[in-house]
Amino acid sequence: MTTPGTLPDLSATAEGTAAAGLAPHRVAGPRRWWDWVLAADPGLGQLQSGWRSLVAMVTSLAVGYWMAEALNIPAMIGMMVAGMMGLMSAFAVAENTWDRLARAILWMPFPYSVVLWVCASLDGRRLAQMSLMVAALALTFLLARFGPFALITGMMLFNGLMVGMLAGIPASLVGKAFAVALVAAAAVLATRLLLCFPMPREDLLRTQRAFVVEARRVADAAVDALDPDADQQRAVRRMTRALRRLNITTVTIDGRLAQPEVAADPAAAELLHRHLFDAELALRGIGQAAADLTRLPVPGPLREALAVGLVLARDTPLGRAEGLRPAAAHIQERAEAILRDATASADDVEAAVLARRTGDLLNTLADALGAWLALGQRTCANPADVPFQPTVALENNRLPGSAGPARRVLAAGTETGWRRAVPYIRVPVHAAIAAAIVCPIADAIDPRRFYWGLVGVMITLFGTNTTHERLRKFAHRMVGTAVGAVLGIVLLHLIGRDHVYATLAVIVAGLSLGAWGIQRAYAFWVVGLVVALTQLYALTTPDSGMEHLMGERILDNGIGVLVATACAALIFPLSRRTVVREAERGWVDALAQVIQQVERRWDEPEAPVRLRGAARTVDAALLQVQGIVQPLVRMPLGVRGPSADHRVALLATATGHARSLAAAADIDVDLPPRLTDRARLVTQTLIASLKELDRFYATGEPEGAWRRVGPLVRELETELTPAAPGPRADRLRTALREIAALDEALAAYAEQVGLPVAAPGRTAPVTTTPMQRTTRALMAAWGEPQARTHAPARLTGTVRCDRHPEGCPAWITVISARGKRLAKAQVHHGDYTVETVPAGTHTLVVSGERHAPRAELVTIDPDAGTVRHDITRAP
């Protein structure tokens, strides 16, 4: 696709070569065969978890066996006591500093041994032991509210009681068991400090390397998309996946910067955050331009220049980022030649405009990467510089889930009286009642292993906040247990019962692989755990009873999960719908912060604002919404209902515009007072609309309306037209276009959730009392054209996509500003017609099996008769 002589000369990039030494080799080094591992596991958090489990389990089991021989106690007791130290240290202790790691691991034997003595003192009084286990389980969830150290204490209390009842440790051996636990904990700590020493700075560098790998994947997919002989649609899908992973990686980097011992220099951390944000934005723009170019007949010379530039972006070492500039200039020259040609076709002109934008974005990418390399020479000497402030809080090195919105919902609904205790006692009450119900049932099934039901209760309530999440965990638990049982029994038959070292190897490997996979899917952990436990059960169960035993385990676990889920749904219930709405409200609040910082940046150029940090918060809030909205089971569209998908699609679109706005608006605006007031009116109107949306989420009733700022933006752009061109003017116009696009997406979102969209006005809404706001909204609606009665219109158009030229089976749904479905029609051979659509601005939703749902705004003017609206769907 390229010809000799077209590659730009990179020999003159002396500055980039000199700067190469400033980039950490782990980040900027050449391609390595293990880069795919970094891309799949940014920061290697999953591999580290598996490695910690391997080291801890090998150490603890070996120490347990050795201590049992030295203290003359049964080997099984020694290995069970010590093995629990290794298992819990690997599973529950993930501190990233040596002192906190030592404090947590060395503390575990003390609560563990105390409950071993209590369990032995009860001398086989089963009812008392079972009651104590129920209390310990409830206490574990209560202590979880007070931080990781308290959580470890609670978990060791419960595990000690379970091991004490299972192993039947007599009171005379509790002292020796404590010695075993203490020595095993010390040995695990020593091996973890030796072989798994926490290196948060290195983890950050690995995450940055993952960013570089994903960036190369984006460029590589863009090259394939521009190849006329390649499967362009497949390349675009691959590029979309790479962009999604790139976004998750950059958000994870921000989360790692907030961890202790990572950002030693807050100013450098803030600069790293900014430059990676700009680099990601440039790569997203390049990807979108390449996707748009696949639909156009690109001239050969321009296609060649684009391919050369993107290959350079893929293959240029990070230390020579300046080498992208000749490629960008080459693309821009070819594009300008087409734009100067008066005989060029419309398609060629559009392709040239997209190519010129790609060249600009390559320059932006070179600037961002070059500034990244110069971090070592930059200090916080500028008064406008601000230190890094955390915007993303990782949970166990993962992006946060539904815990934050669930906590906010509970806090908002329990602010007075005795209900202030609900956030603290809610889950412990669920655990206590569920355990009290499950214990007799599991005891009736198998008195020796009734604790399996309690394990089901515990794993259900840990890390879940909605019924959907608990039922999803139930499915993972059942499937993982069944698969693990089959694999465990097969391995048991292969290695036999008399090969101790082979059995231990299977146990350690199962737990290690399970710990590695738990961050991907809970079922992976369950498979590894059950494979390991099957080898232990075989020590006391004949071959003929293994299938029955594993069936009992599935039954007990399932009963525990379902009873815990029912208790959580009935006692102090927290509906998934409420959590989803709170997550979306958090997204709205994050976006309001972006607009407020834009307004402050333009009003006070010296103010230390963090536009990119605020936009990254919006990114994290969107990922949270997407994780919570994920359905339990994918059902056909007519059964599942598309409303949540539509809202998330609109939020994703708005988030993209918020990113672009944050980068474009970070400029000094020097406008006359009249235009400054106009710009302030735009931002204030948008902020007021976001506050109305927030109040709607808080009260459940629309007290105001969404005020469109598009007309205000267009008026301001008209006023700015005579201004002299320049970088600042271009970025200001870009920022205004992004605000208009953001308003377009948010108006559709407001209609989806039920907030009216009012006619655009010249003044921002003024908030007073709820009654006054309601009265003013009614008066405004009275005077709006769509409030008056008009003859309904006829809406027609086409639905087209490049992947299915014969037409895509789909349905068209028209939804009003009040959230009411006005009409629905089917698409036949790419054409649709919707009859009797009332006047006003509505949301048109196109949905089908071959594409994700798509939401667009359509305006029906009064007395329009017939309105045409064509839709082009992305593949």
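Residues numbered from 1 in each chain as written. Predicted model: local features only at pLDDT ≥ 70, side-chain atom pairs only at ≥ 80, totals over all residues. Heavy atoms only, no water.

Asker: Please explain the overall build of the protein chain as it appears in this structure.
Answerer: In terms of regular secondary structure, the protein chain is built from 31 helices and 10 strands. Going through the 875 residues of the protein chain one by one, you find that 53% of them count as buried. Expressed as a percentage of contacts within the protein chain between residues at least 6 apart in sequence, the contacts between residues at least 24 apart total 79%. Total accessible area computed for the protein chain in this model is approximately 38100 Å², and 60% of it derives from carbon and sulfur atoms. (Helix = DSSP H or I, 4+ residues; strand = E, 2+ residues; numbered from the N terminus. Buried < 20%, exposed > 50% of the residue type's maximum accessible area, 1.4 Å probe, protein only. Contact = heavy atoms within 4.5 Å. Areas by Shrake-Rupley, 256 points an atom, 1.4 Å probe, with all protein chains shown as cover.)

Asker: In this structure, what is going on with unusual backbone geometry? I would like to understand it.
Answerer: Negative phi values dominate among residues other than glycine, just as trans dominates among peptide bonds. Of note in the backbone geometry, Asn72 takes a positive phi value of approximately 60° without being a glycine. Mapped onto the elements, Asn72 comes out in the loop between α4 (45-71) and α5 (75-92). Backbone geometry at Phe572 places phi at a positive 45°, although glycine is not the residue there. Position of Phe572 relative to the elements: it lies in the loop between α23 (543-570) and α24 (576-603).

Asker: When you look at a nonpolar patch on the surface in this model, what are you seeing that I'm missing?
Answerer: A surface patch of nonpolar side chains, amounting to about 480 Å² of accessible area, comprises Trp51, Leu54, Val58, Leu194 and Leu195. Of all elements in the fold, only α4 and α10 (174-195) reach the threshold of two or more residues within the nonpolar patch. Ranked by residue count, the leading element in the nonpolar patch is α4, at 3 residues. Inspection of the secondary structure puts Trp51 in helix α4. Exposure remark for Trp51: the relative accessible area of 39% places this residue in the partly exposed category. (Patch = residues over 30% accessible without salt bridge, like charges linked within 9 Å, V, L, I, M, F, W, Y side chains within 5 Å. Salt bridge = Lys/Arg side-chain N within 4 Å of Asp/Glu carboxyl O.)

Asker: Just to check I follow, could you spell out the nonpolar core for this structure?
Answerer: Where a protein is soluble and globular, its nonpolar side chains tend to be buried together. The biggest cluster of nonpolar side chains holds 75 residues, and the ones touching the most others in it are Trp587, Leu591, Trp602, Trp706 and Leu746. Beyond its immediate stretch of four places on either side in the chain, Leu746 contacts Trp587, Leu591, Ala654, Leu686, Leu690 and Trp706. Within the second largest apolar cluster, 57 residues are counted, among which are Val134, Leu157, Ile489 and Ile518. (Core = buried A, V, L, I, M, F, W, Y, C linked by side-chain atoms within 4.5 Å.)

Asker: Is there a simple way to explain the packing of α24 against helix α25 (residues 611-629) in this structure?
Answerer: Packed helices, taken two at a time, are described by the angle their axes make and the gap between the axes. It is the contact of α24 with α25, at a shortest axis distance of 9 Å, that shows an interaxial angle of 165°. Here α25 runs roughly antiparallel to α24, going by the angle between their axes. Seen along the crossing, α24 lies across α25 with a hand that is left-handed. (Axes fitted to C-alpha atoms, helices over the stretch in contact; angles between N-to-C directions. Parallel < 35°, antiparallel > 145°, perpendicular 65-115°, else oblique. Left-handed = near helix turned anticlockwise from the far one by under 90°.)

Asker: Looking at this model, I keep getting lost on the side chain of Arg708. Mind explaining?
Answerer: Summarising the element assignment, Arg708 is placed in the loop between β1 (706-707) and α29 (710-720). Among the polar contacts listed, one links the side chain of Arg708 to the side chain of Asp743, at a separation of 2.9 Å. A distance of 2.6 Å separates a polar atom in the side chain of Arg708 from a polar atom in the side chain of Glu744. (Polar contact = N/O pair within 3.5 Å; in protein donor to acceptor, adjacent residues only side chain to side chain.)

Asker: Help me understand the pairing of strand β3 (residues 793-800), please; the structure alone is not making it clear to me.
Answerer: Every regular strand shows the same layout, with side chains that alternate between the two sheet faces. In terms of residue burial, β3 counts as a mostly covered element, since 6 of its 8 residues are buried. Of the strand pairs in this sheet, β3 and strand β6 (residues 831-837) are connected by 5 bridges, and their pairing is antiparallel. When the bridges of β6 are listed, Gly797 appears paired with Tyr832. Here β3 runs beside strand β9 (residues 866-868); their pairing, made up of 3 bridges, is parallel. Bridge pairing in β9 links Arg794 to Thr866. Relative to strand β10 (residues 871-872), β3 runs parallel, the two sharing 2 bridges. Residue pairing for β10: Arg800 is matched across the bridge by Thr872. (Pairing = 2+ DSSP bridges.)

Asker: Before we go on, may I ask you to explain the side chain of Arg659 in this structure?
Answerer: Here Arg659 lies in helix α27 (residues 643-664). Judged by relative accessible area, Arg659 falls into the buried class, the value being 6%. Beyond its immediate sequence surroundings of up to four residues, Arg659 is in contact with Asn247, Phe277, Glu280, Leu281, Arg284, Ala615 and Asp619.

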